[in-house]
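Reading the structure
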Amino acid sequence: MRRINIFDTTLRDGEQSPGIALRPAEKAEIAAALEQLGVDVIEAGFAASSPGDFEGVAAASEAVSRVTVASLARTTKEDVDAAVAALAAAPRSRVHVFIATSALHMERKLGLRPEEVLERIAWSVDYAVSRCDEVEFSAEDATRSDRDFLAEACRTAVAAGATVVNLPDTVGYTTPAEYAQLFHELRERVPELARVDLSVHCHNDLGLAVANSLAGVGAGATQIECTVNGIGERAGNASLEELVMALRVRADAFAAETGVDPAVIREASALVAELTGYPVGPNKPIVGANAFAHEAGIHQDGMLKDAGTYQIMDPRDLGTAMTLPLGKHSGRHAFARACAEAGHQLDRDQVNAAFKRFKKLADLGVPVTLDDVFQEVRA
Ligand code: KIV
Ligand code: ZN
């Protein structure tokens, strides 16, 4: 089993979701929960972006005792200095330097020539190396970058002392096969990458963030950047809980594991939802209210006979339980079980009659409880 590092960026890329602005105390609370969850790195913010975010990174750094804390920084002295200062209390500090490497971003956004970008990478990584415990370099828009230039950018970052190199799919454009190919090609063309951690960072614009991240892991990446509940810019980032459980449930396919404790994933998810004001959809994998709910009669019947019929992971590992909610599609078996659990002692004919009443009410399209069913009898 390969050990994959989880770099959680809920407090930085996740906070870039429109409308989210976490106060320092809230960042500290989430950071403590992330440490308990077992992530390896917490990216707590972008210290130079605002005084409030500087305080947020500092508060998160103080709230934890073991985990590495990172701050994002552009390739400038001001940004690196702010990141270093904000991380002063971190048990272990990481400055995360980034600059775009695609022609589109370099020309249209930065107005820099490729040589100037390489100079900035070399200068900023070298400047940061002696001021914190570790330096990560990200080649923003890597998936739309010229491969020769991207390889040169990676070589430059490693030569300057970066110990983590990240190849982000900044705009959620790549596909699993293409992203895997990018990692294979870069590892072949830049043998120095064998000495550093290689990282995936995927956005979800086409709904492929988790699949792309896993493809990168299959192609040799050793770090995954992700967020709790998949929050982040635009359509969000790769979702931590989905990645961790995919690696766990399909260990046979990925032969890789993380240090995340599944038992506290749902707690962390609820905290992030509460503090960000971004609710979790009911059908969200792993943490949604319906992730382990089986409504259809055929499924309920199967679940009552053998949970393996419709369940690929044990919800108890996540501190929760499967449910058999009663609805329009529910079956007689689950209905009879629910009646017995609610204390209604019914013989076969009574169950059949009650089930008929239940189906009639359920067809009206409103939520039905057993009370509704038995009230109708009493009325
Ligand atoms: O999506 C991206 O490219 C980023 C970088 C700053 C790592 O978030
Ligand atoms: Zn991002």
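Everything that follows concerns the structure shown earlier in this document.
To keep things clear, this report deals only with the structure shown in the data block.

1. Some words on the packing of aromatic side chains
What the rule picks out here adds up to six aromatic pairs. On the basis of an interplanar angle of 80° and a centroid distance of 6.3 Å, the ring pair of Phe46 and Phe98 is categorised as edge-to-face. One end of the pair, Phe46, is in the loop between strand E3 (41–45) and helix H2 (51–63); the other, Phe98, is in strand E5 (residues 92–100), and 52 residues separate them in sequence. With relative accessibility at 18%, the residue Phe98 sits in the buried group. A centroid spacing of 4.9 Å and a plane angle of 80° characterise the contact between Tyr179 and Phe183, whose relative ring orientation is edge-to-face.

2. What to know about the coordination of the zinc ion (ligand 2)
Around the zinc ion (ligand 2), the protein supplies Asp13 (OD), His201 (NE2) and His203 (NE2) as donor atoms, at distances of 2.0 to 2.1 Å. Donor residues for the zinc ion (ligand 2) sit on one chain with the sequence pattern D-x187-H-x1-H. Here Asp13 is found in the loop between strand E2 (5–8) and helix H1 (24–37), whereas its partner His203 is found in the loop between strand E8 (197–202) and helix H8 (209–218), with 190 residues between them in sequence.

3. Overview of the site of ligand 1
The full set of residues close to ligand 1 is Arg12, Asp13, Leu72, His96, Phe98, Ser138, Glu140, Asn166, Pro168, Thr170, His201 and His203. Within the contact set of ligand 1, an oxygen atom lies 2.9 Å away from a side-chain nitrogen or oxygen of Arg12. Between an oxygen atom of ligand 1 and a side-chain N or O atom of Thr170, the distance comes to 2.6 Å. Summarising the interface, the protein chains cover 94% of the accessible area of ligand 1, which totals 260 Å² for the free molecule.

Rules and cut-offs
- Residue numbers here run from 1 along each chain, matching the order of that chain's written sequence.
- Chain letters and ligand numbers both follow the written order, the letters beginning at A and the numbers at 1.
- Totals for whole chains, interfaces and linings use all residues, but because this is a predicted model, local features are given only for residues with pLDDT of at least 70 and pairs of side-chain atoms are given and counted only at 80 or more.
- Remark: hydrogens and water are excluded; side-chain values derive from all non-hydrogen atoms of the structure.
- Each aromatic pair joins two rings of Phe, Tyr and Trp (for Trp, the six-membered one) with centres within 6.5 Å, and gets the label stacked for planes under 30 degrees apart, edge-to-face for over 60, and tilted for any other angle.
- Every helix listed is a DSSP run of H or I at least four residues long, and every strand listed is a run of E at least two residues long, numbered separately from the N terminus.
- Buried residues are those whose accessible area, probed at 1.4 Å on protein chains only, stays under 20% of the maximum for their type, while exposed residues exceed 50% and partly exposed ones sit between those limits.
- Each metal's donors comprise the N, O and S atoms found within 2.8 Å of it (within 3.2 Å for Na, K or Ca). Water is not part of the atom list, so some coordination spheres may appear incomplete.
- Here a residue is considered near a molecule or strand provided that any single heavy atom belonging to it is located within 4 Å of it.
- For the purposes of these results, a polar contact is taken to be a pair of N or O atoms within 3.5 Å, where, inside protein, one atom must be able to donate a hydrogen and its partner to accept one; residues adjacent in sequence count only when each atom of the pair is a side-chain atom.
- The method behind every accessible area is Shrake-Rupley, applied with a 1.4 Å probe, and residues are considered shielded solely by the protein chains displayed.

This is a description of form; function is not addressed.
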